[in-house]
Amino acid sequence: MKGSVRKLKQNDMNQCFGNLMKSTSSPTLILNKAGKILNVNEAAIKLFNLNLTYIGYLSMDEPSNLKWAKFVNQLQSDLRSEEIFNIRTASNDFEMMSFKCFYDPNTEEIVAQISTLNYDMAHELYVSQEQEKSQSFNAYDHLPYAVIVSDASGIILGLNKYAEMYLKIEKSQLLHKAHQHIFDSFSMKNGQITTYLSKLMGEKHANIHVVDETQVGSTCYYEISSIFDEYNNIIVTVINDETEKKQLQHKIEHQQALNVVGQMAASIAHEIRNPLTSLKGFTELLKLNADEESHMYLSVIDSELQRMEQILSELLVLSKPTSMKVELIELDHIVKQVIEFMLPDALMKKIMIQYISSSTQVYIGGNENRLKQVFMNLIKNAMESMHNGGTITVEMNTIDCAIVELMIKDEGIGMDSTTIQNLFQPFYTTKSTGTGLGLAFVKKVVEEHEGVIDVNSEIQKGTCFHMQFPIYTFNQIDSLEVSTKDSAYLVT
Ligand code: ADP
Ligand code: MG
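Residues numbered from 1 in each chain as written. Chains lettered and ligands numbered in written order. Predicted model: local features only at pLDDT ≥ 70, side-chain atom pairs only at ≥ 80, totals over all residues. Heavy atoms only, no water.

Visitor: Lay out helix α10 (residues 331-348) in plain terms, naming residues and giving numbers.
Guide: Over its 18 residues, α10 runs 26 Å from end to end, which matches the ideal 26 Å to within 8%, given 1.5 Å per residue. Along α10, the helix axis deviates most sharply at M342, where the bend reaches about 40°; the proline P344 sits within four residues downstream. Contact partners of the buried residues in α10: β12 (327-330), β13 (351-357), β14 (363-366), α11 (368-385), β15 (390-399) and β16 (403-409). A positive backbone phi angle near 60° is found at K350, which sits one or two residues after α10. (Helix = DSSP H or I, 4+ residues; strand = E, 2+ residues; numbered from the N terminus. Expected span 1.5 Å × (residues − 1). Bend = angle between axes of the 7 residues up to and from the residue. Contact = heavy atoms within 4.5 Å.)

Have a look at this one:
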């Protein structure tokens with residue numbers, strides 16, 4: 001490249017620079033490599049207040065002096081280059097100026113065209129530097145956690161996609177805002193932000209645990225950690241989603257409490273069962289000699305005793321490993337029996353139970369009494385949710401001759417997301433007189449029958465429970481009638 005530069009004679013050079021200096025209205029200097037001024041134009045004389053009888057060296061501050069040496073080195077090989085220097089002006093102040101320089105290797109002289117960096121230019125330069133910075137923050141987009149970068153004065157310079165997601169805000173709304181806006185969507189205790197900020201400034205790092213309660217029914221937990229990177233003069237903030245960890249923690253605590261309650265309930269249920277049996281026996285005896293009025297009271301006692309027994313047996317199934325006899329059951333048959341049994345009660349509450357079945361003679365392996373209890377619990381819940389009457393639809397379908405699906409759908413009050421999350425938990429109830437055992441029992445029994453259960457619900461529209469069981473074939477009958485199946489796990 002150097003070789004291709006036309007070599008000018010000294011006169012030609014002077015002539016050429018002379019023309020250039022006349023033709024340009026911007027301040028232009030000819031300098032040697034040490035920064036000594038060899039020639040100037042009118043504009044430069046004005047700018048630097050130069051005395052034409054003595055033209056000395058360019059006066060610049062210390063960092064610019066160092067930069068000059070490096071710059072000249074580079075210029076000698078590139079022949080043209082640009083740089084910004086802090087130069088003393090006519091008013092004796094230093095000012096940032098841009099030097100556009102050409103180097104003539106022949107004379108070893110530098111022609112420098114100078115422009116002062118006015119406010120607009122400085123601003124433009126600042127913005128382009130900022131853009132460069134924020135482009136480099138785009139790299140954070142690919143990280144699997146939320147990152148926010150703020151400058152040392154606490155202005156947000158960049159954030160990645162996860163940060164937008166966790167903070168539920170668009171990037172453009174947070175950019176160039178104060179760092180504290182990170183906390184806008186969280187519920188915070190008084191003084192929490194102040195403590196965090198003062199720790200960040202003092203110790204150069206701080207973290208804070210926050211809760212997002214903006215979405216009803218699904219609370220999210222985050223840990224926000226910030227580090228003040230003094231070297232780059234930026235604050236890097238990382239947000240960690242701790243929701244799963246917290247949920248697991250709550251679940252374990254809940255489970256531990258339930259274990260204790262469950263064990264107590266199981267032993268109490270066991271103790272109550274025996275006196276209950278004798279109460280039932282004596283009630284039957286009393287009925288033999290009772291007049292009509294006493295008979296009425298005795299039937300009430302009888303049905304209440306039955307209810308107690310029902311609760312106790314559900315509690316016992318739930319609280320300890322049980323074994324059950326497995327038989328081949330025609331599902332259609334027992335569903336009809338349950339509906340028949342529950343219909344009178346339903347009709348009294350202006351509720352119709354409709355049964356739709358596309359398949360009879362579908363067999364599953366299981367225990368008839370327990371399955372009946374499952375369907376009864378589901379229909380009972382459906383009835384309890386329909387305060388103004390309506391229709392409960394029970395529907396049975398087979399899928400690929402291998403699976404039978406049973407749906408129990410109501411037109412009741414529906415459930416919110418907290419109830420949906422907890423409804424299979426033992427003792428979870430939203431009813432003042434509920435036990436919260438019905439669905440825990442249902443889930444355990446369905447799973448004992450190798451089945452699955454799921455729920456869809458919409459507030460004020462209704463709820464639909466779906467169950468699926470594997471269909472048994474006749475080949476499996478013989479083996480079934482003799483086999484007993486142990487329930488291996490303990491639910492409390
Ligand atoms: P309980 O009936 O004693 O409350 P369950 O285990 O049977 O206990 O039900 C737990 C909770 O699930 C109920 O309290 C109720 O909030 C909710 N639930 C169950 N089934 C329905 C339904 N069909 N419609 C609305 N809510 C229901
Ligand atoms: Mg119930």
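Visitor: So, the site of ligand 1: which residues are in play, and what are the values?
Guide: Neighbouring residues of ligand 1: 19 residues in total, closest N381, D410, T429, T430 and K431. A distance of 2.8 Å separates a nitrogen atom of ligand 1 from a polar atom in the side chain of D410. Between a nitrogen atom of ligand 1 and a side-chain N or O atom of T463, the distance comes to 3.4 Å. Contact with the protein chains removes 93% of the 530 Å² of surface that ligand 1 exposes when unbound. Of all the elements in the fold, those that place two or more residues in the shell around ligand 1 are α11, α13 (438-448) and β18 (462-470). When residues of the shell around ligand 1 are assigned to their parent elements, the largest contribution, three residues, is made by α11. (Near = heavy atom within 4 Å. Polar contact = N/O pair within 3.5 Å; in protein donor to acceptor, adjacent residues only side chain to side chain. Areas by Shrake-Rupley, 256 points an atom, 1.4 Å probe, with all protein chains shown as cover.)

Visitor: Explain the side chain of S226 residue by residue, including any values.
Guide: On the secondary structure map, S226 appears in strand β9 (residues 220-229). Of the polar contacts made by the side chain of S226, one reaches the side chain of Y196; its length is 2.4 Å. For S226, the side chain forms a polar contact with the side chain of T237, separated by 2.9 Å.

Visitor: Tell me about the sheet that holds β18, residues and numbers included.
Guide: Strand order in the open sheet made by the five strands is β13-β15-β16-β18-β17, with mixed pairing throughout. Single-partner strands in this sheet number two, and they are β13 and β17 (452-458). Going across the sheet, the axis of each strand differs from the next one's by a mean of 15°, ignoring polarity. Where β13 meets β15, seven bridges bridge the pair, whose relative direction is parallel. Across the sheet, M352 pairs through a bridge with T391, a residue of β15. Across the face of the sheet, α10 comes into contact with β13, β15 and β16 while running at roughly 165° to β13. Strands in contact with α11 are β13, β15, β16 and β18; relative to β18, the strand with the most contacts, it is inclined by about 165°. (Pairing = 2+ DSSP bridges. Axes fitted to C-alpha atoms, helices over the stretch in contact; angles between N-to-C directions.)

Visitor: Kindly report on the sheet that holds strand β4 (residues 94-104), identifying the contributing residues and their values.
Guide: One open sheet accounts for five strands, arranged β2-β1-β5-β4-β3; its pairing is antiparallel. This sheet does not close on itself; its edge strands, each paired only once, are β2 (37-40) and β3 (80-88). Direction aside, neighbouring strands of the sheet carry axes that sit 30° apart on average. Helix α3 (residues 62-78) contacts β1 (28-31), β3, β4 and β5 (109-116) of the sheet and is inclined by roughly 160° relative to β3.

Visitor: Requested: an account of the pairing of β18, with residues and values cited.
Guide: On any regular strand, side chains alternate: one points to one face of the sheet, the next to the other face. Of all nine residues making up β18, seven are buried, and the element is well covered by its neighbours. Alignment of β16 against β18, held across seven bridges, turns out to be antiparallel. The partner of L406 across the bridge, within β18, is M467. Pairing analysis gives seven bridges linking β17 to β18, with the strands arranged antiparallel. Note that in β18 the partner of V455 across the bridge is F465. (Buried < 20%, exposed > 50% of the residue type's maximum accessible area, 1.4 Å probe, protein only.)

Visitor: Report on the packing of aromatic side chains, specifying residues and quantitative values.
Guide: The final tally for this structure, using the stated rule, is 10 aromatic pairs. Between W68 and F71, the ring centres sit 6.0 Å apart and the planes meet at 45°, which makes this aromatic pair tilted. In this pair, W68 and F71 both sit in helix α3, three residues apart, roughly one turn of the helix. Across this residue pair, the class does not change: W68 and F71 are buried. In textbook terms, an aromatic cluster arises when at least three aromatic residues are bridged by ring pairs, as seen for W68, F71, F85 and F99. Just above the ring of F85 sits the side chain of K67; from NZ or CZ to the centre is 5.8 Å. Taking the ring centre of F424 as reference, the NZ or CZ of K443 above it sits at 5.1 Å. (Phe/Tyr/Trp six-rings, centres within 6.5 Å; stacked < 30°, edge-to-face > 60°. Lys NZ or Arg CZ within 6 Å of the ring centre and 35° of its normal.)

Visitor: Outline the nonpolar core, supporting the account with residue identities and numerical values.
Guide: Counting residues in each nonpolar core, the largest one holds 41 residues, and the members touching the most others are V374, F375, I379, I392, F465 and M467. Counting residues per element, the ones that place at least two in this core are α10, β13, α11, β15, β16, α13, β17 and β18. Membership of the second largest hydrophobic core comes to 25 residues, among which are L29, L31, L47 and M97. (Core = buried A, V, L, I, M, F, W, Y, C linked by side-chain atoms within 4.5 Å.)

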